[in-house]
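Here are the chains, one letter per residue:
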Amino acid sequence: MILNFLYVGIGGALGAISRFGINELFERTFLTSFPIPTLFINVLGCFFIGIYLGINIPVKDSFYYFFIIGFLGSFTTMSAFTHQTIIMFNANLISAVSYIMITIILSILATYFGALITR
């Protein structure tokens, strides 16, 4: 059981570092107020979860704790999504609603296609 905490912690640290790095790279590449990095990260994380679900019947092994709970749990970020949405609501309602819809639709599709390609 203690090892599971270690797996989650190490995975979480690597997921957070990866999210930060991708976010920095995208913010320098796409000069826009639309939160492209968070959208990309959340969709990519959903795709990886879909792949995992397609390959495995969810088994709570060391990989599950490291990658699914730790890495992807800190890599994808609902808190950044909601924070950016509130900021967008204050600036442009249409952009905020568009971002919500795009995130939900693409995240569900990414999970589905991730699972689909592994079957």
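1. Remarks on the side chain of Ser74
Looking at where Ser74 falls in the secondary structure, it is placed in helix α3 (residues 62-75). At a separation of 2.6 Å, a polar atom in the side chain of Ser74 contacts the main-chain carbonyl oxygen of Gly12. Residues within four places of Ser74 in sequence aside, it is in contact with Gly11, Gly12, Gly15, Ala16, Arg19 and Ile69.

2. Description of helix α1 (residues 2-29)
Each α-helix turn comprises 3.6 residues. Residues three or four places apart therefore point the same way. Along its 28 residues, α1 runs 41 Å from first to last C-alpha, staying within 8% of the 40 Å computed at 1.5 Å per residue. The set of residues buried in α1 consists of Gly11, Gly12, Gly15, Ile22, Asn23 and Phe26. Elements in contact with the buried residues of α1: α2 (36-55) and α3.

3. Points about the pattern of salt bridges
Evaluated as defined, the whole model comprises 1 salt bridge. Across the salt bridge formed by Glu24 and Arg28, the nearest N and O atoms sit 3.6 Å from each other. Here Glu24 and its partner Arg28 are both found in helix α1, 4 residues apart, which amounts to about one turn of the helix. According to the relative accessible area criterion, Glu24 is partly exposed, its value standing at 23%.

Scoring rules and cut-offs
Residues take numbers from 1 onward in each chain, read along the sequence in its written order. The predicted nature of this model means local features are confined to residues of pLDDT at least 70 and side-chain atom pairs, given and counted, to a pLDDT of 80 or more, with totals for whole chains, interfaces and linings taken over all residues. Values reported for side chains reflect all heavy atoms of the structure, with hydrogen atoms and water molecules removed beforehand. Helix numbers and strand numbers start at the N terminus; a helix is a DSSP run of H or I with at least 4 residues, a strand a run of E with at least 2. Any pair of N or O atoms that falls within 3.5 Å is considered a polar contact. Within protein, one atom must be able to donate a hydrogen and the other to accept it, and sequence-neighbouring residues count only if both atoms are side-chain atoms. The contact criterion used is simple: two residues touch if any of their non-hydrogen atoms lie within 4.5 Å. Residue count minus one, scaled by 1.5 Å, sets the expected span of a helix. Residue exposure (1.4 Å probe, protein chains only): buried if accessible area is under 20% of the type maximum, exposed if over 50%, otherwise partly exposed. By definition here, a salt bridge exists when the distance from a side-chain nitrogen of Lys or Arg to a carboxyl oxygen of Asp or Glu is within 4 Å.

Function-wise, these values are silent; they only describe arrangement.
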